[in-house]
Amino acid sequence: MNTHESTSRRHAWHAAVTLACTLLAGCSFMAVQTAPVKPASAARSEAALRADTLFWKTLHDGDYDGIPRAMQAVKGAYLQTPGDAVTAAHVGFLHIWRLAESARQESLLPSITDDAVLARKFFQEAVALHPGEARYQGFLASSMLAEAAIHKDEKLTRQGYFTMLDAIDAWPEFNLFTAGYVMSPQPAESARFKEGLAWQWRTLDECVGATVDRRNPAFDSYMKLATQTGPNRVCWNSWIAPHNFEGFFMNMGDMLVKAGDWQTAQKIYANAKLSPDYAQWKFNGVLEDRIARAEANVAAFNLPGRNKAAGDNVVMNHTRFACAGCHQK
């Protein structure tokens, strides 16, 4: 065999190998793309309904220590019917709750970060099974951002951010608050924090169908708009979130304090008292303390990271009632 023939055969061999690899890659791509979509369950199981009852009791009682028991029931129901979007979302929420209120734990293990990963997984399942549920989209975005922050993953951060923007478009009254709440631990001078605070103002505007006065945001005249139906139902208290109204104004007040505008924060905090359920809210004493200490809390709320020694004298997102503030009866 002469040199020319040997070279030609090598070229032909390389070309054949390249073609085979291309075809195999194409086959794998087609195989994945043509796989059947995971079907949503047509009906909910008895186990799922029982797990729902335990889930809501645990959440409404603010029973953080009861999360493992509720998790066993909800995950057991999910394994029976993995096409149940509601059950998948409940698993995701239990994981994000355990992470969000981890300040309750005496000693925090590194494995707590697993809750962000699992929350994202189960909210992804819930969104895939029920893509029209904008609340699931917002929780998915929140868990993506939490996971990204833990792993310093800029790509996932951007994916989570744009997923959140889509969720806002889908249901602004709900997800503007969700988005702003997620941004509240960011540094006060950062663009993300400022955007999150702007989203809180927009939430108020969306809820009342008007532009709320930024310097004198008294909510008295809007209380007649309270409703339990339509998109605006999430602006008020409900069975799901018995103190959503109070929790919203506590978080927004915290963000204004952190931004240095403690005078406006006091007015925002005071709006929580307009709730007919305020007297029953277990955190009304915390809110009263925040009003009294608003000026001093500007520095406290801007301390970096989670300051366990500060207890609950941190922005609401980092407190022991980060979820319970709205959901506990």
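These remarks concern the structure in this document. Bear in mind that the values here come from a model prediction, so they are computed numbers and not experimental data.

About the thresholds
- Residues numbered from 1 in each chain as written.
- Predicted model: local features only at pLDDT ≥ 70, side-chain atom pairs only at ≥ 80, totals over all residues.
- Heavy atoms only, no water.
- Helix = DSSP H or I, 4+ residues; strand = E, 2+ residues; numbered from the N terminus.
- Buried < 20%, exposed > 50% of the residue type's maximum accessible area, 1.4 Å probe, protein only.
- Contact = heavy atoms within 4.5 Å.
- Areas by Shrake-Rupley, 256 points an atom, 1.4 Å probe, with all protein chains shown as cover.
- Expected span 1.5 Å × (residues − 1).
- Polar contact = N/O pair within 3.5 Å; in protein donor to acceptor, adjacent residues only side chain to side chain.
- Disulfide = S-S within 2.5 Å.
- Salt bridge = Lys/Arg side-chain N within 4 Å of Asp/Glu carboxyl O.

A few points about the overall build of the protein
Part 1: Scanning the protein from N- to C-terminus turns up 14 helices and zero strands.
Part 2: Shown N-terminal to C-terminal, the secondary structure of the protein runs as helices and strands in the order α-α-α-α-α-α-α-α-α-α-α-α-α-α.
Part 3: Out of the 329 residues belonging to the protein, those deemed buried represent 47%.
Part 4: Partitioning the contacts of the protein with sequence separation of at least 6, the portion at a separation of at least 24 is 64%.
Part 5: Accessible area of the protein: about 16,400 Å², with a carbon and sulfur share of 59%.

Quick look at helix α5 (residues 114-129)
Because the α-helix completes a turn every 3.6 residues, residues three or four places apart line up on one side.
Part 1: Its 16 residues place the ends of α5 23 Å apart at the C-alpha level, agreeing with the 22 Å of an ideal helix rising 1.5 Å per residue.
Part 2: Within α5, burial applies to D115, A116, A119, F122, F123, E125, A126, V127 and L129.
Part 3: Contacts made by the buried residues of α5 are with α3 (67-80), α4 (85-100) and α6 (134-151).

A few points about the environment of K267
Part 1: With respect to the helices and strands, the residue K267 is situated in helix α11 (residues 262-271).
Part 2: Relative accessible area serves as the criterion here: at 37%, K267 is assigned to the partly exposed category.
Part 3: Taking the C-alpha atoms as reference points, K267 and F219, 48 residues apart in sequence, are found 9.4 Å from one another.
Part 4: Sequence-distant contacts of K267, defined by excluding residues within four places in its chain, comprise R215, N216 and P217.
Part 5: In this structure the side chain of K267 is engaged in a polar contact, spanning 3.0 Å, whose partner is the backbone oxygen of R215.

Re the environment of L99
Part 1: Along the chain, the position of L99 falls in helix α4.
Part 2: Placed 17 residues apart in sequence, L99 and A116 show a C-alpha to C-alpha distance of 7.0 Å.

Concerning the side chain of H243
Part 1: In this fold, H243 is placed in the loop between α9 (191-208) and α10 (244-258).
Part 2: Only 2.9 Å separates the side chain of H243 from the side chain of E246, close enough to count as a polar contact.
Part 3: In this structure H243 touches N237, D277, Q280, W281, G325, C326, Q328 and K329, once residues within four positions along its chain are discounted.

So, the state of the cysteines
Part 1: Under the defined criterion, the tally for this structure stands at one disulfide.
Part 2: Residue C207 pairs covalently with C235 via a disulfide, S to S 1.9 Å. Judged by the sign of its S-S torsion, about -85°, the bond between C207 and C235 is left-handed. Note that C207 is positioned in helix α9 and C235 in the loop between α9 and α10, a separation of 28 residues in sequence.
Part 3: Judged by its relative accessible area of 8%, C207 falls in the buried class.
Part 4: Since its relative accessible area comes to 10%, C235 is described here as buried.
Part 5: Just so you know, C323 is unpaired, no disulfide at all, and the nearest cysteine sulfur is the one on C326, 8.6 Å from it.
Part 6: Judged by relative accessible area, C323 falls into the buried class, the value being 10%.
Part 7: Assessed through its relative accessible area of 6%, C326 is described here as buried.

Brief notes about the pattern of salt bridges
Part 1: Taken as a whole, this structure holds 16 salt bridges when the rule is applied.
Part 2: Between D261 and R215 there is a salt bridge; the shortest N-O distance is 3.3 Å. Linking D261 in the loop between α10 and α11 with R215 in the loop between α9 and α10, this pair joins segments that are 46 residues apart in sequence.
Part 3: A relative accessible area of 17% places D261 in the buried class.
Part 4: A single network of salt bridges, built from pairs that share partners, joins K38, K121 and E125.

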